Amino acid sequence: MTLAALSTAFSCLKAVMNMKKFLATGQAGDGREKALLDYVLRTAEKGNPLSVLNAMDTYAKTSSWLMNIGDDKGPILDKALQKYNPRAVLEIGTFCGYSAVRIASQLLKEGSKLLSFEMSPDNSNIARQIIEHAGLSSKVDVVEGKFNEHLDVAKQFLEEMNSPHFDFVFLDHWKVYYMSDYLLLKENAMVGNGSGICADNMGALVGPADFRKYLKKHAEELETCEHKSNAEYLSWFPDSVTVSTFKLPTQL
Ligand code: MG
């Protein structure tokens, strides 16, 4: 392992060791998220999403590890977006806006938009400024709060979009909520026939066991492909991204 890789691993460990605070606040506790914002504003070209993503990847590799989907797994998300070509998109877990920039920069359909939930007020603020710097503010609404406590916001978004459901959902928040939030989406008909559901951090070692099991057992409801890769900025640690198509039961 190179010195740079070791340093990134140590930086990840530092965040994980502070897990209680990390889970409660969504931040690593050492100011890395605010430092990321400063770095992006200082180094990335304004109005250039790719430059913003590159700056975020560089910061995570050279300064402090971040829980972005990152540049190894990012292309899996890109391919899924190309496949579904969505108009109404939901993200749960904005963090600092990396995937929001990645998603919004690839929304090609007329009137397409991303609604992104972030539980941390500080992260929401950082994400909004990073998205603004990328020139994508008109394509993204960052909502401060947990998805399961703000279903009304998601319903209103769909109403305003004149869309019966989300065409694409990206799950990238705390893993214990993947299963219950998916069920909320299904029960509230916020996903429809053909909707894409992409989930990060689904690797066997760290992924949510209940949602992994659900995907395996309900192939008729969620036609899933698991893309194996590695955890963000940690090339030695296996992880995967799942891409599922939601299927409504066939009426007999
Ligand atoms: Mg993730």
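Here, every reference points to the structure presented above.
First, a word on scope: everything that follows refers to the structure included in this document. What you see is a predicted model, and the numbers here were worked out from it, not measured in a lab. (Residues numbered from 1 in each chain as written. Predicted model: local features only at pLDDT ≥ 70, side-chain atom pairs only at ≥ 80, totals over all residues. Heavy atoms only, no water.)

## Thoughts on the packing of helix α9 (residues 178-187) against helix α10 (residues 209-217)
Inference 1: One way to put it is that α9 packs onto α10 with a least axis distance of 7 Å and a crossing angle of 50 degrees. Here α9 is positioned oblique relative to α10, judged by the angle of their axes. Residue-level inspection shows Tyr178, Met179, Tyr182, Leu183 and Lys186 of α9 in contact with α10, the latter providing Asp210, Phe211 and Tyr214.
Inference 2: Across the contact of α9 with α10, the residue classes tally to 6 nonpolar, no polar and 2 charged. (Axes fitted to C-alpha atoms, helices over the stretch in contact; angles between N-to-C directions. Helix = DSSP H or I, 4+ residues; strand = E, 2+ residues; numbered from the N terminus. Parallel < 35°, antiparallel > 145°, perpendicular 65-115°, else oblique. Contact = heavy atoms within 4.5 Å. Nonpolar A, V, L, I, M, F, W, Y, C, P; charged D, E, K, R; others polar.)

## What about the coordination of the magnesium ion?
Inference 1: For the magnesium ion, the full set of protein donor atoms is Asp172 (OD), Asp200 (OD) and Asn201 (OD1), at a range of 2.0 to 2.2 Å.
Inference 2: Counting residues between consecutive donors of the magnesium ion along the chain gives the motif D-x27-D-N. Of the two residues, Asp172 is situated in the loop between β4 (166-171) and α9 and Asp200 in the loop between β5 (191-199) and α10; the sequence distance between them amounts to 28 residues. A single burial state applies to Asp172 and to Asp200, both of which are buried. (Donors = N, O, S within 2.8 Å, 3.2 Å for Na, K, Ca; no water. Buried < 20%, exposed > 50% of the residue type's maximum accessible area, 1.4 Å probe, protein only.)

## A word on the nonpolar core
Inference 1: By size, the foremost hydrophobic cluster in this structure holds 52 residues, and its most contacted members are Ile130 and Phe168.
Inference 2: With 6 residues, helix α4 (residues 49-62) is the largest single contributor of residues to this core.
Inference 3: Among residues more than four places away in sequence, those in contact with Phe168 are Leu77, Ala80, Leu81, Tyr84, Pro86, Ala88, Val89, Leu90, Gly196 and Cys198.
Inference 4: Listed in part, the 29 residues of the second largest apolar core include Phe157, Val169, Met190 and Tyr214. (Core = buried A, V, L, I, M, F, W, Y, C linked by side-chain atoms within 4.5 Å.)

## Overview of the packing of aromatic side chains
Inference 1: Enumeration according to the criterion identifies 9 aromatic pairs in this entry.
Inference 2: Aromatic side chains Tyr178 and Phe211 sit 6.1 Å apart centroid to centroid with 80 degrees between the ring planes, which places their arrangement in the edge-to-face category. Placement of the pair is Tyr178 in helix α9 and Phe211 in helix α10, with a sequence separation of 33 residues. Note on accessibility: Tyr178 and Phe211 belong to one class, buried. (Phe/Tyr/Trp six-rings, centres within 6.5 Å; stacked < 30°, edge-to-face > 60°.)

## Looking at empty space enclosed by the protein
Vacant regions in the atomic arrangement are exposed by a probe of water-molecule size rolled over the atoms.
Inference 1: Per the stated rule, a full pass over the model turns up 1 cavity of 30 Å³ or more.
Inference 2: The wall of the largest cavity is formed by Met67, Asn68, Ile69, Gly93, Thr94, Phe95, Cys96, Tyr98, Ser99 and Asp172.
Inference 3: A class-by-class count of the residues in the lining of the largest cavity yields 5 nonpolar, 4 polar and 1 charged. (1 Å grid on protein atoms, 1.4 Å probe; cavity = no way out; pocket = protein on both sides within 12 Å on 5 of 7 lines; lining within 4 Å. Points joined across faces, edges and corners; volume = space filled by probe spheres on them.)

## Considering the pattern of salt bridges
Inference 1: Enumeration over the complete set of coordinates arrives at 13 salt bridges.
Inference 2: Linking Asp30 and Arg32 is a salt bridge whose minimum nitrogen-to-oxygen distance equals 2.9 Å.
Inference 3: Looking at Asp30, the relative accessible area reads 35%, which means it is partly exposed.
Inference 4: Judged by its relative accessible area of 3%, Arg32 falls in the buried class.
Inference 5: Of the charged contacts, one joins Asp200 and Lys73 as a salt bridge, the two residues approaching to 2.8 Å between their closest N and O atoms. With a gap of 127 residues between them, Asp200 in the loop between β5 and α10 and Lys73 in helix α5 (residues 70-84) connect regions that are remote in the sequence. With respect to class, Asp200 is no different from Lys73; both count as buried.
Inference 6: Here the salt bridges share partners, and the residues they tie into one network are Lys73, Asp200, Glu232 and Asp239. (Salt bridge = Lys/Arg side-chain N within 4 Å of Asp/Glu carboxyl O.)

## Comments concerning the sheet that holds strand β7 (residues 238-246)
Inference 1: Taken in spatial order, the 7 strands of this open sheet run β3-β2-β1-β4-β5-β7-β6, and their pairing is mixed. The open sheet is flanked by β3 (140-144) and β6 (222-230), the only strands paired with a single partner. Going across the sheet, the axis of each strand differs from the next one's by a mean of 15 degrees, ignoring polarity.
Inference 2: Note: β6 against β7, 9 bridges, orientation antiparallel. Across the sheet, Glu223 pairs through a bridge with Thr245, a residue of β7.
Inference 3: Together, β4, β5, β6 and β7 form the strand contacts of α5, whose direction differs from that of β7 by roughly 10 degrees.
Inference 4: Running at roughly 170 degrees to β3, helix α7 (residues 121-133) makes contact with β2 (113-118) and β3 of the sheet. (Pairing = 2+ DSSP bridges.)

Keep in mind these values describe shape, not function.
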